[in-house]
Amino acid sequence: MIKKLSIRQPDDWHVHFREDEMLSVITKHSSRINRRCIAMPNTTIPITTSNQAKNYKSIIEKNSNHKNFEALIPCYITDNLDLHDFSNALKQNLFIGGKLYPVNSTTNSSLGVSDIKKIFKVFEILEKEDKMLLIHGEKVSEDINIFDREKYYIDEDLQIIRKNFQNLKIVLEHVSTAYGVEYIKSNKNIAGTITPHHMLLTKKDVFFDNSINPHHFCMPVVKDEKDLLALRNAACINNTKFFIGTDSAPHHVREKSENLNTKAGIFSAVCSLELYTEIFDEEDSLNTLEQFASINGPNFYNLPKNERIITLEKNSWYPPEFTEEKSIKIKNFFGNKKINWKLL
Ligand code: DOR
Ligand code: ZN
């Protein structure tokens, strides 16, 4: 039985760092594990300009506890971006790409994209600059069931984007269905991030007769056993199109309630790499963890792989139930639950 595992240091290609006090409390958790993180731009005032990107990057890096830690910022795409600033910021690597939130699909997405036809210029610029389009792939409409949003997004909007911009590189964020996994596997220029929670939970862990567990509620919502298995398989099978994106998304406990008006988001930064390692161990795939955690991401993003080696040990521990500091209190995913691996 493997007791110790050394791999290249990972990166997390999808994290929410928030702002102000929350940012100062949580950043050290992601930088404990990762050398680089993509910092999602859905802050209260979204990051839509090069100046905001510069400031946000510098605030996050200051709050990390490692001098080599790097925050990479995608631009929050709106219906009316300043395209001149956007294009320049991509050229200068101030933006790593653009993040497309369909309007009202998740936290702070009210300024998201109302119709993809309105942002064809943005796609054109990303394609020309060889920069990434990151997509929250959910079609939101009254007549689409919450569990079917990913499939509708793929069949409708994503198909149109890919047909019109065949060289545009796309990351389908937090893939949550077997359907999404198959789509990524069988198409060109598209990869996917996979969260730990989508490989650990099903809808039975979230939805009860008259209430929900708000600490397991996220967007996209977790799905069925068959989806969970397809995601585990995609992560573990050594397919270069899948990599880490925890979607670690903290909300203060007071923002969480046991109904569908609750804020969506699961905070996993306290133990994310340990959870991925446990999943790979359960799947008898520790030999492919490094590929998923530390190689596929940089390769897809055309960035160098990290040189530093980190070591995980098989040694059980219990993350605290809450991250609590200053006036912040967040429920930790897997808080008070046993985890069998620990990053040294
Ligand atoms: O559950 C989620 N929370 N999904 C997202 O896409 C956004 C995130 C957040 O920012 O809270
Ligand atoms: Zn997210």
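This text follows the structure it describes.
What counts as what
Residues numbered from 1 in each chain as written. Chains lettered and ligands numbered in written order. Predicted model: local features only at pLDDT ≥ 70, side-chain atom pairs only at ≥ 80, totals over all residues. Heavy atoms only, no water. Near = heavy atom within 4 Å. Polar contact = N/O pair within 3.5 Å; in protein donor to acceptor, adjacent residues only side chain to side chain. Areas by Shrake-Rupley, 256 points an atom, 1.4 Å probe, with all protein chains shown as cover. 1 Å grid on protein atoms, 1.4 Å probe; cavity = no way out; pocket = protein on both sides within 12 Å on 5 of 7 lines; lining within 4 Å. Sits in = over half its atoms within 2 Å of the grid points. Nonpolar A, V, L, I, M, F, W, Y, C, P; charged D, E, K, R; others polar. Donors = N, O, S within 2.8 Å, 3.2 Å for Na, K, Ca; no water. Helix = DSSP H or I, 4+ residues; strand = E, 2+ residues; numbered from the N terminus. Points joined across faces, edges and corners; volume = space filled by probe spheres on them.

Chemist: Help me understand the site of ligand 1, please; the structure alone is not making it clear to me.
Modeler: As a structural note, the neighbourhood of ligand 1 is formed by 14 residues, with Arg18, Asn42, Thr107, Met219 and His251 the closest of them. Between ligand 1 and alanine 264, the relevant distance is 3.0 Å, taken from a nitrogen atom to a main-chain nitrogen or oxygen of the residue. When ligand 1 is considered free in solution it has 290 Å² of accessible area, and contact with the protein chains removes 100% of it. Comparing atom positions with the cavity grids shows ligand 1 to sit within the largest cavity. Here the residues of the shell around ligand 1 are counted per class, giving four nonpolar, eight polar and two charged.

Chemist: Help me out: how do you make sense of the coordination of the zinc ion (ligand 2) in this one?
Modeler: When a metal holds four donors in a tetrahedron, each ideal angle between them is 109.5 degrees; when it holds six in an octahedron, the ideal angles are 90 or 180 degrees. Surrounding the zinc ion (ligand 2) are the protein donor atoms His14 (NE2), His16 (NE2) and Asp247 (OD), at 2.0 to 2.1 Å. If you list the donors of the zinc ion (ligand 2) from N- to C-terminus, the spacing comes out as H-x1-H-x230-D. Here histidine 16, found in the loop between β2 (12-15) and α1 (20-33), pairs with aspartate 247, found in the loop between β10 (242-244) and α8 (272-282); they are 231 residues apart in sequence, far enough to count as distant.

Chemist: Would you mind going over empty space enclosed by the protein with me for this structure?
Modeler: Leftover empty space is mapped by rolling, across the atoms, a probe with the size of a water molecule. For the structure shown, the criterion picks out three cavities of 30 Å³ or more. Along the lines of polarity and charge, the residues of the lining of the largest cavity split into five nonpolar, nine polar and three charged. Of the pockets and cavities examined, the second largest cavity occupies roughly 80 Å³. If you go around the second largest cavity, you meet 13 residues; those closest to its centre are His215, Lys256, Gly265, Phe267 and Lys331. Its residues assigned to classes, the lining of the second largest cavity shows seven nonpolar, four polar and two charged.

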